[in-house]
Amino acid sequence: MNDEELTLLGVVILFGVGVYGLLLTHHLIKIVIALQIIGKAVIIAFAVAGTMSERVQLAQSLIVTIIVADTMVAVISLALVIQVKQRLGTLDARELSNLRR
Amino acid sequence: METNSVATLIALPLALSPAAYIVERLNRKIHPGWLALLILALAWGVLGVAAYEFDREGTLTYRVGMMQLQLDGLSLFACGAILTLGTLTVIYSLDYMAEEGAADKYYALVLLLLGTMMGLVCTRDLFNLWVWFEAMAISGSFLVAFYREQPASLEAGVKYIVQSALGSAFILLGIALVLAETGTLDLQEIAQLNQDSVMLWAVGGLFIAGFGVKMALVPFHTWLPDAHAQAPSGISALLSGLVIEVALIALLRALTCVAFSWGTLLIAFGVVNMLVGNLLALRQTQIKRLLAYSSLSQMGYMVFGIGVGIYAQTLDGFEGGLFHFFNHALMKGLAFLAVGAFIYSLETHQPLQISDLRGASRRYPYIALALSLALLGLGGLPPLAGFMSKWQIFAAGIAVHEPLITLLVIFAALNSVLSLAYYAPIINVLYSRQTQVEIEQGRAVPPLMGLSLLVLSGAIVVIGVYPGLLHGALEPAARVLLTAFGG
Amino acid sequence: MTAWLVGLTIGLPWLGALIVWRVPDHSPQRQHGIAVIASLLTAAVSIGLLTTYSTEVALRLHIGGIFGDFILVPDGLGVLLAAIAAIIGSLTVIFSVAYMEHEACLSRYYALVLIFIGTMAGLVLAGNLLLMFFFWEITALCSYALIAFDHDNPAAVAGGLKALVITQLGGIGLLIGALTAYGRFGTDEIAVLLARAETLSKTELSLIAFSFLIAAMAKSAQVPFHSWLPGAMEAPTPISALIHAATMVNAGVYLLARFYPAFEDVTGWTTAVMTVGIVSALLAALMALVANDLKRVLAYSTISQLGYMVFAVGAGGIFASQFHLLSHAMFKALLFLGAGAVIHSVGTRDIRQMGGLWRSMPQVTIAFIIGAMALVGIPGTNGFWSKELILERGVEDSSPVFVVGLLIGVGLTALYTLRLIWLVFGGTPRFSGQVHEAPSAMRISLGILAVGSLVTWLLVSPLSKMLAETLPYHHLHSETTRDVISDVMTAPITVLALGWVALGFLLWGFHHRLGWLIARLQLLSQIAGQDFGFEALNRVVMRSTSTLAERLRSTQTGELNWNIWGIVAGLVVILIYVAVEV
């Protein structure tokens, strides 16, 4: 196994960890963290893809864009979580299930 | 042809949306809504120029740094649809949102949403496709959670942002794999490479799942009823009438870079979406939630038509799917706006139940008629637009001459009948002679809201009687897809 | 000129609908007036159209793309049915002036009635399948809206929904058939389908033929799709007359007659059509025998008479079927409007609570009895001639089993009609309160229809000529009235049929002594009363669908983690599919 494949394996594991977190944790902050882990996995994937296809320059600029967008999503979701905490007094995703059926 | 009209079209709402945000602070006499309307009027002008240029020169392109924009038949059609419903929603909102406060934020976000959607349909590069898509999701998330003092809006907002972030991570992963495999992200270059690799096929799967979240394909749909029902009605109209359909176009653009026959899978998703959407709506009592579920089923028809187009390489499948896209934008837009008009006149903050509208036709004959037209059109009855687009989709399916597809068309037609079982009772309630007290005491609906409803109702009837009206715009759009999936 | 007439026949009522819809509720006189004028103008135009029939395309609207052209062709079959719709329609509108007095929402009522009339005219004049299907679906929409006109009556709402859903289900047949033809020919013109039917493969032609049969059965309320028609009795009575005589149900028979030449060679098709017709004729007659609701009896009799028409088409008697359609339109409109006058003054629809009405409403009684005689087929009425033509056709072109079935049907018709007249008009009153003769607007309509029921058979020659000249694929030859008279008079089946009518009357004469027979029939009547179980079938389908929907709703738990599970599972399924396909 060469370096790139090893890193790709790392990406898959990191992505899996994030999805696992989304599937099982009920804590809203932890859910945001899980999303961030997935985001980081994707960023590493781009870095590997850049080296594999010898387009490092392109990959770098893409990664910067992704980081920006990723941060925006994190900011908005955290802002929402704060609102949830303030208005509903909970951080448990299970209690956020009044909209059903 | 290299031209800057494409860039202007997209940049106009995007660049001027901050202006809508601050204008009221600079001069209290200028209402941000009217400014937004002005900006959209300018955008219409630019679209006219672009359409003229397209007519003469064919596909238009524009390059800014790394980003390349391209206006082909499909983008032109989609931009037309986006501006149509967008403009009518803004006109509607001038009165609807007048008392809500936060008008500055509202119009700035609406402009942002419209601009990003137009950017999304005009891109020719996989990564930019994602950037626009993410931008659309982010501006959408603000709008879903617009009433942030209401717990239900917050709940819908959280679900929306988490689920769409996961979907967008799928897409990004797919893009990274494409980059690793091909070394380029330009859609046409990738398609020309025509590579057969397992990696790329998996990428297609990631794209369907990723965009599927935003398109509300079953089983990725779970966020949709919450988000579409909780947003302000004008936004519900945009989300249900445009955002999910634009996501469909984004998916189709992305899928062109993977040489694999996606027809069967899309047909399957279409059929499942129709049935699940209808069944979920059948026993629903909250009217906005019902409309949201019905979007699932309508999305099923579009995906079915386009699936048939890919499967059998027929122009009619693509054209039918896109035709239904446009008609659904009008009909679902009208339905949400009409329901919004009732919410406005009842001054309610509770979710509107169907039974709340008992006898509404007595007090509000025109709005009741508009809502009835929208619902009957969604149910596929003539002389309304939905009938014609469904006919085209079904015709494309039957013309494949395969027994299984014929059976699926029958199934789809049965689903239309099933959908009447929840649309029609709403109309019965509207035309009841006993009237709910709240309805009798409801306030009058302002003229601008009525104007939007009138235009949409008229358009639905006119297209239903003369479906050839849009053929000129639909045919080039469908041809783009046919060529892209032509293998 | 023809183009104008065709356009006006469809357009005038629509325009009238638009105008009357805008008239506010506080000026009912204007609402009545506009509706009457619009419908009378339409009737006049449609009569004009009768004189200018042709096989030429009168109007062609180019739509483009897959939608092709919308074309209207005023051929004999089309103009005849358009005229029936417009003329009977206008009479029901006149009748409504009295019947719907003091009702609310009149503008909506009249608008829908006018749209209904115009749509029916469009349906029969349409020259391509898409346009035909377009109008076909609008008639379903109108009938739904009119049956459920009283939206506060749950029975009316349920009846309207049922009519909508069942005819829509049938509509799928028309859709599939039309699209199959389109898929092969690249055009949906009716003339092309008729001309080139034999170039289709056997399976495809069968698919089209049987799909169309299903569509026709649903629209013409043939067993087992009949259950919407009795439910439609919740509509205001003029609407029942409109649906039963002028519009809606005629469409199914029309569809079969129109496409008969294309399908006659399809294996089993004509037998299927005849069987459907006979079964509907007999079952519905039995149901009419035990029903106690005045309008329901008439509704079942409509199903039964439509059965005769469907049978006639199956036996190749296109002219006989359309001739009976015309007779039926006259006498059934008359019966329904007569029933409306009765219900209007007695205030109930239950025939067990009527009786002795001939004393208080003699004119209505006479009119009703003329209609009933035509229904039974007493010589001198239009029903006699048309029914005998169908019977003759049956003797010539079908098996003896069918003929026996037809004759039993004739006897049953006589029996239930006599029972109805006796219970409603004969004997002594079984209700309290004052009953008055019908108002003049009602009597005008009844009078015209009564005269019509006695004389329309004189139109045999021109009608026959018209159909023969303009239906090139049907191979009809024109007959004169004199031919028909001598044919019918010399046919042995005529005597036989009259014998059965007499037997039916006789049976009723002894009905007090027939206790044992009635006891035997009790079981049958129970089954018939419940629509032979078809109603239960409907309920099972509805209930299981709604249970399924309720189950599925519980998957929308609203929990974020559950939603994520859905997304991940969906991705896995897609990836597995891709892996398998590779």
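Placed above this text is the structure.
A few points on the structure. It should be emphasised that the depicted structure is a prediction, and the values quoted were computed from it without experimental measurement.

Section: the pairing of strand E1 (residues 59-62) of chain C
Residue and element names in this part refer to chain C. Here E1 runs beside strand E2 (residues 69-72); their pairing, made up of 4 bridges, is antiparallel. The partner of histidine 62 across the bridge, within E2, is aspartate 69. Linking E1 back to E2 in an antiparallel pair, the connection comprises 6 residues, with glycine 64 at a positive phi of about 95°.

Here we look at the nonpolar core
Membership of the largest hydrophobic core comes to 477 residues, with the highest contact counts inside it found for A:Phe46, B:Leu126 and B:Phe207. The element contributing the most residues to this core is helix H13 (residues 315-346) of chain B, with 20 residues. Aside from chain neighbours lying at most four places away, what touches B:Leu126 is B:Ile175, B:Val178, B:Leu185, B:Leu187, B:Ile190, B:Phe207, B:Ala254 and B:Cys257.

Side note on the side chain of C:Ser227
Looking at the secondary structure, you find C:Ser227 in the loop between helix H8 (202-219) and helix H9 (228-231). Polar contacts involving the side chain of C:Ser227 include one to the side chain of C:Asn538, which spans 2.8 Å.

A look at the environment of B:Leu179
Relative to the elements of secondary structure, B:Leu179 occurs in helix H6 (residues 151-182). On the basis of relative accessibility, which here comes to 0%, the residue B:Leu179 falls in the buried class. Separated by 14 residues in sequence, B:Leu179 and B:Ala165 have C-alpha atoms that sit 21 Å apart. Residues within four places of B:Leu179 in sequence aside, it is in contact with A:Phe46, A:Ala49, A:Gly50, A:Ser53, A:Leu58, A:Leu62, B:Thr184 and B:Leu185.

Structural notes on unusual backbone geometry
Of note, the amide linkage connecting B:Val218 to B:Pro219 takes the cis form, showing an omega dihedral of 5°. You can see B:Pro219 is positioned in the loop between helix H8 (198-215) and helix H9 (224-230). Here C:Val223 and C:Pro224 are connected by a cis peptide whose omega angle stands at 5°. Among the structural elements, C:Pro224 can be located in the loop between H8 and H9. The phi dihedral of C:His102 is positive, around 65°, even though this residue is not glycine. Along the chain, C:His102 turns up in the loop between helix H3 (76-99) and helix H4 (106-125). The exposure class of C:His102 is exposed, given its relative accessible area of 76%. At C:Met248, a residue that is not glycine, the phi angle is positive and equals roughly 25°. Within the secondary structure, C:Met248 is located in the loop between helix H10 (237-246) and helix H11 (249-263).

Considerations on the interface of chain C and chain B
It is common to give the size of an interface as the accessible area lost on bringing the parts into contact. The interface of chain C with chain B comprises 65 residues on the first partner and 72 residues on the second. In this assembly, chain C packs against chain B so that about 6,200 Å² is buried in total across both faces, 75% of it on carbon and sulfur atoms. Inspection of the region where chain C meets chain B yields 2 salt bridges. Linking chain C with chain B are 15 residue pairs in polar contact (both at pLDDT 80 or more). Broken down by secondary-structure element, the contributors of at least two residues to the side of chain C that touches chain B are E1, helix H5 (129-147), helix H6 (154-185), helix H24 (534-553) and helix H25 (560-581) of chain C. At 15 residues, H6(C) tops the list of elements feeding residues into the side of chain C that touches chain B.

A short note on the interface of chain A and chain B
Taken together, the contact pairs 37 residues of chain A with 39 residues of chain B. Carbon and sulfur atoms supply 82% of the area buried between chain A and chain B, which totals about 3,200 Å² over both sides. It is A:Ile76, A:Leu80 and A:Leu99 that lose the most area in chain A upon contact with chain B, and together they represent 20% of the buried surface on that side. On inspection of chain A and its partner chain B, the count reaches 9 residue pairs in polar contact (both at pLDDT 80 or more). No other element matches helix H3 (residues 56-88) of chain A, which puts 15 residues into the side of chain A that touches chain B.

Notes on the environment of C:Met132
Residues and elements named next belong to chain C. For methionine 132, the location among the structural elements is in helix H5. Through-space distance from the C-alpha of methionine 132 to that of threonine 545 is 31 Å; in sequence the pair is 413 residues apart. When residues no more than four places from it in sequence are discounted, the contact partners of methionine 132 are Leu123, Ala126, Ile190, Tyr254, Leu255 and Phe259.

Here's the deal with the packing of aromatic side chains
The geometry of an aromatic ring pair comes down to the distance between the two centres and the angle between the two planes. This model, assessed by the stated rule, comprises 40 aromatic pairs over all chains. Ring geometry for A:Phe46 against B:Phe127: centres 6.0 Å apart, planes inclined by 80°, an arrangement best described as edge-to-face. Taken together, the positions of A:Phe46 in helix H2 (residues 28-52) and B:Phe127 in helix H5 (residues 126-144) put the pair across two chains. The residues A:Phe46 and B:Phe127 share a single accessibility class, namely buried. With centroids separated by 5.5 Å and ring planes inclined at 85°, the aromatic side chains of B:Phe77 and B:Phe325 adopt a geometry described as edge-to-face. Here B:Phe77 is found in helix H3 (residues 73-96), whereas its partner B:Phe325 is found in helix H13, with 248 residues between them in sequence. Taken as a pair, B:Phe77 and B:Phe325 share a single burial class, namely buried. Through a chain of ring-to-ring contacts, the aromatic side chains of B:Phe387, B:Trp391, C:Trp14, C:Phe133, C:Phe134 and C:Phe135 assemble into a single cluster. Stacked on the ring of B:Phe146, the Lys or Arg B:Lys105 has its end atom at 5.3 Å from the ring centre.

Points about a nonpolar patch on the surface
Residue and element names in this part refer to chain A. A cluster of nonpolar side chains, contributed by Met1, Leu6, Leu9, Ile13 and Val17, occupies part of the molecular surface with about 510 Å² of accessible area. For leucine 6, the position within the fold is in helix H1 (residues 3-24). Judged by its relative accessible area of 47%, leucine 6 falls in the partly exposed class.

Digging into helix H1 (residues 2-21) of chain C
Residues and elements named next belong to chain C. Look at H1: 28 Å from first C-alpha to last across 20 residues, which is about the 28 Å you get at 1.5 Å a residue. When the local axis directions of H1 are compared, the greatest deviation, roughly 35°, occurs at leucine 8. Three or more residues of H1 are buried, namely Leu5, Val6, Thr9, Ile10, Leu12, Pro13, Gly16, Ala17 and Val20.

Focus: the pattern of salt bridges
Taken as a whole, this structure holds 24 salt bridges over all chains when the rule is applied. Across the pair B:Lys159 and B:Asp226 runs a salt bridge, and its minimum N-O distance is 2.9 Å. Here the residue B:Lys159 occupies a position in helix H6, and B:Asp226 occupies one in helix H9, the gap between them amounting to 67 residues. What makes B:Lys159 buried here is its relative accessible area of 1%. Here C:Lys465 and C:Glu469 are joined by a salt bridge, their closest N and O atoms 3.7 Å apart. A residue pair is termed a helical-turn pair when its members lie 3 or 4 positions apart in one helix, as C:Lys465 and C:Glu469 do in helix H20 (residues 460-470) at 4 residues. Overall, the relative accessible area of 41% leaves C:Lys465 in the partly exposed class. In the salt-bridge network here, residues are joined through shared partners; they are A:Arg101, B:Arg283, C:Glu550 and C:Arg553.

Rules used throughout
Residues numbered from 1 in each chain as written. Chains lettered and ligands numbered in written order. Predicted model: local features only at pLDDT ≥ 70, side-chain atom pairs only at ≥ 80, totals over all residues. Heavy atoms only, no water. Pairing = 2+ DSSP bridges. Helix = DSSP H or I, 4+ residues; strand = E, 2+ residues; numbered from the N terminus. Core = buried A, V, L, I, M, F, W, Y, C linked by side-chain atoms within 4.5 Å. Buried < 20%, exposed > 50% of the residue type's maximum accessible area, 1.4 Å probe, protein only. Contact = heavy atoms within 4.5 Å. Polar contact = N/O pair within 3.5 Å; in protein donor to acceptor, adjacent residues only side chain to side chain. Buried area = accessible area lost by both parts, 1.4 Å probe. Salt bridge = Lys/Arg side-chain N within 4 Å of Asp/Glu carboxyl O. Phe/Tyr/Trp six-rings, centres within 6.5 Å; stacked < 30°, edge-to-face > 60°. Lys NZ or Arg CZ within 6 Å of the ring centre and 35° of its normal. Patch = residues over 30% accessible without salt bridge, like charges linked within 9 Å, V, L, I, M, F, W, Y side chains within 5 Å. Areas by Shrake-Rupley, 256 points an atom, 1.4 Å probe, with all protein chains shown as cover. Expected span 1.5 Å × (residues − 1). Bend = angle between axes of the 7 residues up to and from the residue.

Without other data, these values stay purely geometric and don't point to any function.
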